[in-house]
Every structure is written in C-alpha cells, then in structure tokens.
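For reference, the chains in residue letters:
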Amino acid sequence: MTTSPAGLTIDDRQTPAVLRVDAVHDPVAWVSQHRAALHEAVDTYRAVLVRGLGLREARTAGAVHQQLATTLMTEREAFATRWTYEPGVYSSSKWPPNQPMCMHHELSYALEFPSRMQFACLSAPASGGATAVADAARVLAELPADLVNRFERDGWLLTRSYNDEIGIGWAEAFGTSDRAEVEAYCARNEISAVWTADGGLRTGQRRPAVVADPRTGERLWFNQIAFLNEWTMAPEVREYLTDVYGRDGLPFNTSFGDGAEITEDIVQVINKTYDALTHVQPWQDGDLLLLDNLRMAHSRLPYEGAREVIVAMADEMRRPG
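Reading guide: rules and limits
Residues numbered from 1 in each chain as written. Predicted model: local features only at pLDDT ≥ 70, side-chain atom pairs only at ≥ 80, totals over all residues. Heavy atoms only, no water. Buried < 20%, exposed > 50% of the residue type's maximum accessible area, 1.4 Å probe, protein only. Helix = DSSP H or I, 4+ residues; strand = E, 2+ residues; numbered from the N terminus. Arc of directions from axis to C-beta. Core = buried A, V, L, I, M, F, W, Y, C linked by side-chain atoms within 4.5 Å. Contact = heavy atoms within 4.5 Å. Pairing = 2+ DSSP bridges. Axes fitted to C-alpha atoms, helices over the stretch in contact; angles between N-to-C directions.

For this particular structure, what's the right way to read helix α3 (residues 58-68)?
Since there are 3.6 residues in each turn of an α-helix, residues three or four apart along the chain are aligned in direction. Looking at α3, one finds that the buried residues are A58, A61, G62, V64, H65 and L68. One side of α3 carries all its buried residues, which in axial view fall inside an arc of 160°.

What is the right way to look at the nonpolar core in this model?
One broad trend across soluble globular proteins is that nonpolar side chains are buried collectively. Counting 64 residues, the largest nonpolar core has F119, F151, W221, I225, I270, Y274 and W283 as its most contacted members. Dropping the residues within four chain positions of it, I270 is found in contact with L143, L147, W221, I225 and A226. Counting residues in each nonpolar core, the second largest holds 30 residues, with L8, L38, L68 and A120 among its members.

Any chance you could explain the environment of T15 here in plain terms?
Mapped onto the elements, T15 comes out in the loop between β2 (9-11) and β3 (17-20). Take T15: its relative accessible area is 28%, and that puts it in the partly exposed class. Put simply, T15 and V133 are 118 residues apart on the chain and 7.9 Å apart in space, counted from C-alpha to C-alpha. Residues in contact with T15, not counting those within four places in the same chain, are V133, H279, V280, Q281 and M296.

What's the story with the pairing of strand β8 (residues 112-123) in this structure? I'm lost.
Each regular strand carries side chains that alternate between the two faces of the sheet. The element β8 is extensively covered by neighbouring structure, given that 10 of its 12 residues are classed as buried. Relative to strand β20 (residues 308-318), β8 runs antiparallel, the two sharing 10 bridges. Bridged to E112 within β20 is R318. Inspection of the sheet shows β8 paired to strand β17 (residues 288-292) by five bridges, in the antiparallel sense. Pairing of A120 across the sheet is with L288, part of β17.

I tried to follow the sheet that holds strand β7 (residues 101-104) on my own but got confused; where do I start?
Strand pairing in a sheet relies on backbone hydrogen bonds. The paired strands run either parallel or antiparallel. Pairing is antiparallel in the open sheet, where three strands are placed in the order β7-β18-β10. Only two strands of the sheet have a single neighbouring strand rather than two, namely β7 and β10 (131-135). In this sheet, adjacent strand axes meet at a mean angle of 15° when their direction is disregarded. Looking at chain direction, β7 and strand β18 (residues 296-300) are connected through two bridges and run antiparallel. The residue of β18 that forms the bridge with H104 is H298.

As structure tokens, this is what we get:
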C-alpha cells in the first residue's frame with residue numbers, strides 16, 4: 001500500500017493498482033479535486049483502477065472523462081463500430097461477446113494516438129468481460145530476440161479492405177463520405193489508398209513495432225501485429241472471409257514491413273507472450289480504469305450478460321521514434 005501526496009491510498013500489490021474510494025456523492029467533483037493525483041498515479045503505475053466512484057450514468061461518465069483529460073480525441077481509422085455518447089466519449093468497440101478482443105494499444109497503427117485510455121464501467125457483465133492489461137516493456141523483453149530484431153528492422157504493415165459487406169465501412173472509419181477528404185487524410189498520415197471498382201477502399205500503412213517511451217527512453221512493444229492478423233480471427237470466421245473475399249479482401253491483416261507473411265506460429269508466440277503477462281481485475285459496476293496507452297496493452301475477455309463500458313481516448317500524442 002502507498003499513499004499519494006493527495007492522501008489517496010493505492011494498493012500497488014495488484015495490477016492494475018487499485019484505488020478504493022468511499023462515500024463519493026459527486027464523482028465529477030471528486031475527480032476534479034483529485035485530477036493531479038490521478039495523473040500522477042497513472043504515470044507511476046501505468047494502470048490504475050478507481051473503485052467506488054459509483055459511475056452509473058453515461059452522462060456522468062462522460063463528464064468524468066472530460067474532467068480527467070486535457071483533450072479528448074475524435075477516433076479515426078476505427079476497426080470496429082462504436083456508439084458516440086458525446087464528442088470524444090464512446091461505447092466500447094462492438095465485438096462479438098463470445099470472442100476475445102486480443103491485446104493491443106489503442107490506435108497503435110496511427111501516427112497520432114491517445115496517450116491515455118479511460119474506461120468507465122456502468123454495468124459489469126454477469127461473467128467475464130474484463131479489460132485486462134499487459135506491460136509493453138515486459139512483453140518486449142520476453143519475446144524471442146530474433147523476432148524482435150526482425151520487427152525492429154522491418155516494422156509491420158497493416159492492410160485494410162473497406163467495403164459495405166464486412167467490417168466497418170470507410171466513411172465510418174474516416175468520419176467522412178468525401179473521397180477527397182479521405183485521400184487527403186491518408187496522404188497526411190502516410191497511408192497508401194486505392195479505390196476499388198465496387199466503391200470500396202484498400203489501404204496500407206507501415207509502422208514501427210517497437211518505440212521508445214519519450215519520458216524514460218524505455219523500449220516498448222507497441223503495435224497491433226497479432227490482434228489485427230488473420231490468424232487471430234476465429235478459425236471459422238477466417239475460413240469464411242478468405243473463401244468469399246480472398247486474403248487480399250480481408251477487412252484487416254498484418255505482415256512484416258517488407259510485405260512478408262506473418263505466419264500462424266509467429267502470431268501464436270506473440271499471443272502466448274501476452275497471455276503469460278496478462279493481469280485481470282474483473283469489472284464492478286461504477287469502476288473507472290485509467291491506462292497509459294503507450295506502456296500498457298489492453299484486451300477484452302469474452303463475456304456473458306449485459307456489459308456497458310464508456311471509453312475516452314485522452315490527450316493525443318505523436319508517435320515517438
């Protein structure tokens with residue numbers, strides 16, 4: 001147990017570190033009062049679960065997110081549908097409840113991404129559904145050195161195929177139905193873009209797999225190589241999509257930066273490394289989870305029952321070298 005200068009007691013024996021509060025009648029006012037201490041806690045522990053705030057309504061959760069952030073990001077390049085509660089405040093990604101959402105760093109394929117992720121659980125599911133975390137520095141240290149060296153040399157390539165039949169459409173992903181605006185966005189963000197004859201869009205973007213924490217210089221495994229790879233899909237989903245659309249038509253896929261295939265065994269190594277380093281705190285109604293998005297990967301476990309988690313992407317930062 002540790003006590004912050006603001007008098008908050010944090011259980012740092014757990015990951016995420018747990019900060020328990022009692023008798024909070026106004027969560028927005030409490031967060032406003034303790035904003036600096038909460039930021040300090042995230043800087044220190046990278047993942048902090050605030051338990052006892054009693055967040056029950058989307059409006060209150062949105063106000064808490066606004067209080068905590070300097071700015072909230074408008075999501076671009078989404079890979080799954082979200083509902084928008086208010087500008088910069090979203091539902092969690094609409095992903096099949098019976099399928100895990102594997103470890104990733106939010107928007108790690110974009111040039112600009114949130115430095116922090118903020119999650120408010122209004123309603124915890126009957127079982128499962130936790131937002132689990134894994135430390136990016138430890139993941140990097142545990143991956144095979146030869147694999148890390150190759151990714152450091154070549155980076156990784158994300159390819160996406162947008163159409164009106166599968167996945168998210170390009171207008172929803174880019175927040176506009178104007179092709180010229182999409183092309184301009186892609187040009188600014190180092191994304192290749194090709195329109196297809198059926199009105200769809202295919203894109204490609206090469207990104208580094210390892211980055212340095214700008215505060216500490218520590219090297220971090222920061223990407224979505226495994227999560228957005230075809231071999232992480234449920235086998236029946238992958239087989240169906242490949243049969244119907246071909247590998248080039250999958251809604252998303254990843255390869256080495258030089259275009260070489262990332263094989264199933266490589267994806268398994270990455271996901272098993274994440275699994276070995278995963279920490280889970282089951283959601284409780286009213287919880288607030290704050291993450292350093294650069295340092296902490298997160299996932300979502302399969303679940304049963306209703307689950308409502310309100311998400312904000314806070315304080316945009318530019319990709320470090």
